[in-house]
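# Working through the structure, step by step
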Amino acid sequence: MTRNPTNFFTRERQEVLEDLLGNIEEHRTFLDMIGKASAELWHRYARINDPNNGRDLSQKLSASNGHLAFRVAIEPFMDPHQYGFRGSFLPMEAFTFINHDERIGGLPAQIYIMGLEMIAQGNPSVALSLAIDGSVLSALWQLGNERQKQRYVIDSLSDKKMLAFAQTEPNAGSDVPGIISTALREGNNYILSGEKTWITNSDWADYYFTVLRTKQQSGKSGNELSILMIHKNEIPNIRLLEKYPTPGSFTGALSLDGAIVPVEDGVERMVGKEGDGYSAAKELLNGGRVTIAAFGLGIGQEVLDSAVHYASERTVNRKRVIDYQAKTNELASLRAELDGARALTYRAARRMNYGNPGVLASEAKLLATEAAFRLCDANIRIHAANGMSPDFRAMSLMHEIYVGIIGEGTNDIQRAIIGKTLKS
């Protein structure tokens, strides 16, 4: 029998919600809506993940040519008048453009994280774009001044303008002090040089929260890094990258050589003080790791559900695969790992309500994505030859989880961060 999920806000997730926050009807209603919408994404998985959907093949792939099914799928999650998911963790004042009779914003971070987990189960491409955008919204609300909040948070929410985080460079990923791209001030402008790569929401995002060196490099110092808000039309060239995981979402390289960004155009472009970019990037990454943990949980849950369903239907020697004790034991252990990672992720999410989740963010990302990876491996073996077929998504989901393992600081970096806390 073919799986036919209709709502990812399952009884198990409802129980987790009650354990976290009690039985609050407003939360249940919101997550029930997101759970149903996420299940709809599941049914459109192939079309959403096809970047050539809606593309004129005679023209190059771009934000306006291709990715049509992805853009249609993500639209309701971005629209505050539909699902109201985007930025729902922000205080209600961020939604001043909404009619007073519409209740939106001010939700606990745990609710947002559970919603993101369900979206990732439905389609990781959609979840990844929303996760990165959400991390930037959060950072801007915490670090920006009032005018920056108005343009880059409130107006972006109102006008459905997407945000991106531009940190990674060809030779500097998790090594933030190794960034060499520059923004040197000349009069009333910054003159930019360098390249950013593997930037989620590239070419689609209107605004780029960008980590740049604002002094001539004198060494690998984080004190020379700052955050600039760069507008899409100020970037000389954006090139979309091909990739195996999350193919529906936009990922690209930004060529910044010769770009001119005003110091101020009614709104200051630098977020925070000059030289604060390294600490700001670390704050952003720390919250982002919790969202990537949710991304991993969603993939892990989908893989577990798929494995159990297939093992319950498939027979070997007239015996269901699920009835072989070795397979049952393996899935039982992996389910326990996933549930443990979920508990840690929501503990970290709770801390996000009060500030920085600290090392819990690294622990949650590490455990959630590694548990999901082991589930992906088990799922492929349970599906055997069918595990190599795109019809069963087993191999596709293995590709997807690598985004969680590598993104927002590789898992080896997370181990290093956690390891530092063990040293006196």
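This text goes with the structure placed above it.
In this report, the structure presented in the accompanying data block is examined. In this numbering scheme, every chain counts its residues from 1 along its sequence in written order. Only residues with pLDDT of at least 70 are given local features in this predicted model, and only at 80 or more are side-chain atom pairs given and counted; all residues enter the totals for whole chains, interfaces and linings. For the side-chain quantities, the full set of heavy atoms in the structure was used; hydrogens and water were omitted.

A few words on the pairing of strand 7 (residues 237–240). Side chains of strand 7 alternate between two faces, with Ile238 and Leu240 buried and Asn237 and Arg239 left unburied. Taken together, the four bridges between strand 7 and strand 8 (residues 251–255) define a ladder with antiparallel strand orientation. Bridge pairing links asparagine 237 to serine 255 in strand 8. Residue burial is assigned from relative accessible area. The probe radius is 1.4 Å, only protein chains are included, and a residue is buried under 20% of its type maximum, exposed over 50%, and partly exposed in between. Only DSSP runs of H or I with at least four residues qualify as helices, and only runs of E with at least two residues qualify as strands; both kinds are numbered from the N terminus onward. When DSSP finds two or more bridges between two strands, those strands count as paired.

Our next topic: the packing of aromatic side chains. Centres within 6.5 Å make a pair out of two Phe, Tyr or Trp rings, where for Trp the six-membered ring is used; the pair is then stacked when the planes are under 30 degrees apart, edge-to-face when over 60, and tilted otherwise. Counted according to the given criterion, the structure contains 12 aromatic pairs. The interplanar angle of 45° and the centroid separation of 6.0 Å between the aromatic rings of phenylalanine 95 and phenylalanine 97 together place this pair among those described as tilted. Taking relative accessible area as the criterion, phenylalanine 95 reaches 4% and is therefore assigned buried. For phenylalanine 97, a relative accessible area of 23% translates into the label partly exposed. Ring plane angle 75° and centroid distance 5.7 Å describe the contact between phenylalanine 373 and tyrosine 402, whose orientation is recorded as edge-to-face. A residue pair is termed long-range when its members are at least 10 positions apart, and phenylalanine 373 in helix 10 (residues 359–383) and tyrosine 402 in helix 11 (residues 394–406) qualify at 29 residues. Exposure remark for tyrosine 402: the relative accessible area of 37% places this residue in the partly exposed category.

Moving on to the sheet that holds strand 7. For sheets, the rule is that strands pair by backbone hydrogen bonds, running either parallel or antiparallel. As summarised here, the arrangement of the three strands in space is 4-8-7, forming an open sheet in which the pairing is antiparallel. Looking along the sheet, the strands with just one partner apiece sit at the ends: strand 4 (195–200) and strand 7. For this sheet, the mean inter-axis angle between neighbouring strands, taken without regard to orientation, is 25°. With axes taken as lines fitted to C-alpha atoms, and helix axes fitted only over the stretch in contact, angles between N-to-C directions fall between 0 and 180 degrees.

Let us look at helix 9 (residues 325–352). Every helix has an expected span of 1.5 Å times one less than the residues it contains. Here helix 9 is 28 residues long and its end C-alpha atoms lie 41 Å apart, about the 40 Å a rise of 1.5 Å per residue gives. Taken residue by residue, helix 9 has Leu331, Leu334, Leu338, Ala341, Arg342, Leu344, Thr345, Tyr346, Ala348 and Ala349 as its buried positions. Only heavy atoms enter the contact rule, under which two residues are in contact if any of them lie within 4.5 Å. Buried-residue contacts for helix 9 involve helix 1 (11–21), helix 5 (109–122), helix 8 (277–313) and helix 10.

Let us look at the pattern of salt bridges. Here, a salt bridge means any Lys or Arg side-chain nitrogen found within 4 Å of an Asp or Glu carboxyl oxygen. Taken as a whole and judged by the stated rule, the model has 28 salt bridges. With its nearest N and O atoms 2.7 Å apart, the salt bridge here joins aspartate 133 to arginine 86. Of this pair, aspartate 133 sits in helix 6 (residues 124–143) while arginine 86 is found in the loop between helix 4 (68–78) and helix 5, placing the two residues 47 residues apart along the sequence. Among the ionic pairs, aspartate 377 bridges to arginine 381, the shortest N-O distance being 3.1 Å. Note that aspartate 377 and arginine 381 are positioned in helix 10 at a spacing of four residues, about one turn of the helix. The exposure class of aspartate 377 is partly exposed, given its relative accessible area of 33%.

Our focus in this paragraph is the packing of helix 5 against helix 9. Between helix 5 and helix 9, the shortest axis-to-axis distance is 8 Å and the interhelical angle comes to 135°. As judged from the angle between their axes, helix 5 and helix 9 are oblique. Two packed elements cross with a definite hand, and for helix 5 against helix 9 that hand is right-handed. Between helix 5 and helix 9, the residues in contact are Ala109, Gln110, Ile113, Met114 and Glu117 and Arg342, Thr345, Tyr346, Ala349, Arg350 and Met352, respectively. Polar here means any residue other than Ala, Val, Leu, Ile, Met, Phe, Trp, Tyr, Cys and Pro, which are nonpolar, and Asp, Glu, Lys and Arg, which are charged; Gly is therefore polar. The residue makeup of the contact of helix 5 with helix 9, split by class, is six nonpolar, two polar and three charged. With respect to orientation, any angle under 35 degrees is reported as roughly parallel, any angle over 145 as roughly antiparallel, any angle of 65 to 115 as roughly perpendicular, and every other angle as oblique. By definition, turning the near helix anticlockwise from the far helix through less than a right angle yields a left-handed crossing, and turning it clockwise yields a right-handed one.

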